[in-house]
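Overview (structure and organization)
In case you want the letters, here they are:
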Amino acid sequence: MRVVIQENYEKMCKWAANYIAAKINAHQGDRPFVLGLPTGSSPLGVYRELTRMNKAGEVTFKNVVTFNMDEYLGLPREHDQSYWYFMWSNFFDHIDIPKENVNILDGMAADPEAECARYEAKIASLGGIDLFLGGIGVDGHLAFNEPFTSLTSRTGVRVLTSDTRIVNSRFFGNDPELVPAKALSVGIGTVMDSREVLILINGHNKARALAASVEGGVSQKWTCSALQNHPAAIIACDEPACGELTVDTYKYFLDIEKAERL
């Protein structure tokens, strides 16, 4: 695992955006570059920087196919809290990606399980995901894979915990009951199949989750800990998120990144 520690959120996002753009630009071959994407507050700075780079001609998304991590079940795409709405408002509407290259789970699917199976099959048909960008919750959940979700899980229907609904209620008038009780989500196994995984962890409220991801044992309690078993996992974090890391761990990853730049 590689842990890239940046001074603040803005620098973390710029580092991640530069990394993603470099991977897209270096991609060769007939198949498109397949990029997994999250929603939430953590990736917003990355999306802003990638948009700037796209408009400046530093990267193009014309040969990129995207798959989003999750979507609320029962929420139409026109709803201002759907993840379809979030992605188009904050990213896709501002870059040169072809509309047909965007894949987001359908929260209004008549058969949710069939929709999840279709999603997995489409990812496989494109040769898998090259790079999956993600974020985690304060309890370490990755996508909507809540604590104690199987670490080999595939895309499916997830029941959201009370804690997640309370945290997300800030987008629903601070009423947890208005937050959908279920969601469609890629599985931990789906993410782990990606050639690379880049996870954003920022803010002091994510410090325990970062420590569990890096220093704790692999456990279903912290689904983010599965990243320890990925051969090409990167965590990009800011200083405030490092508050629960031991001093030796913190220094180790700083030293490794310093050596990489020499």
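Above this note sits the structure.
Residues numbered from 1 in each chain as written. Predicted model: local features only at pLDDT ≥ 70, side-chain atom pairs only at ≥ 80, totals over all residues. Heavy atoms only, no water.

This part takes up the state of the cysteines. Tallying each qualifying case throughout the model produces zero disulfides. We note that Cys 224 lacks a disulfide partner, and the nearest cysteine sulfur, in Cys 237, lies 13 Å from it. There is no disulfide at Cys 242, and the cysteine sulfur nearest it, in Cys 237, is 3.9 Å away. What makes Cys 242 buried here is its relative accessible area of 8%. (Disulfide = S-S within 2.5 Å. Buried < 20%, exposed > 50% of the residue type's maximum accessible area, 1.4 Å probe, protein only.)

As a further point, take the sheet that holds strand β7 (residues 156-159). Strand order in the open sheet formed by three strands is β4-β8-β7, and the pairing between neighbours is antiparallel. What marks the edges here is a single partner per strand, and that holds for β4 (70-72) and β7. In this sheet, adjacent strand axes meet at a mean angle of 30° when their direction is disregarded. When β4 meets strand β8 (residues 182-185), the two strands line up antiparallel, connected through three bridges. Of the residues in β8, the one forming a bridge with Glu 71 is Leu 184. (Pairing = 2+ DSSP bridges. Helix = DSSP H or I, 4+ residues; strand = E, 2+ residues; numbered from the N terminus. Axes fitted to C-alpha atoms, helices over the stretch in contact; angles between N-to-C directions.)

It is worth spelling out the side chain of Ser 213 at this point. Its location among the elements puts Ser 213 in helix α7 (residues 207-214). For Ser 213, a relative accessible area of 1% corresponds to the buried category.

Our focus in this paragraph is the packing of aromatic side chains. With the rule as written, the count across this model stands at twelve aromatic pairs. Plain terms: the ring middles of Tyr 72 and Phe 144 are 5.7 Å apart, the flat faces sit at 45° to each other, and that makes the pair tilted. Placement of Tyr 72 in strand β4 and of Phe 144 in the loop between β6 (131-135) and β7 is noted, with a sequence separation of 72 residues between them. The pair formed by Tyr 72 and Phe 144 is uniform in burial state, with each residue classed as buried. Pairing Tyr 83 with Phe 144 gives two aromatic rings, centres 6.1 Å apart and planes at 15°, and the pair type is stacked. Placement of the pair is Tyr 83 in helix α3 (residues 83-90) and Phe 144 in the loop between β6 and β7, with a sequence separation of 61 residues. Like Tyr 83, the residue Phe 144 is buried in the burial classification. Taken together, the aromatic side chains of Tyr 47, Phe 61, Trp 84, Trp 88, Phe 91 and Phe 92 make up a single cluster linked through ring pairs. (Phe/Tyr/Trp six-rings, centres within 6.5 Å; stacked < 30°, edge-to-face > 60°.)

If you want to describe how two helices pack, look at the angle between their axes and the distance between the axes. Running from N to C, helix α1 (residues 9-26) and helix α2 (residues 44-55) point in directions that differ by 50°, and their axes come no closer than 8 Å. Taken together, the axis directions place α1 and α2 in an arrangement best described as oblique. Viewed along their axes, α1 and α2 form a crossing whose handedness is right-handed. Here α1 contributes Tyr 9, Cys 13, Lys 14, Ala 16, Ala 17, Asn 18, Ile 20 and Ala 21 to the contact with α2, which in turn contributes Leu 44, Gly 45, Val 46, Arg 48, Glu 49, Leu 50 and Met 53. (Parallel < 35°, antiparallel > 145°, perpendicular 65-115°, else oblique. Left-handed = near helix turned anticlockwise from the far one by under 90°. Contact = heavy atoms within 4.5 Å.)

Coordinates in, geometry out; function isn't part of it.
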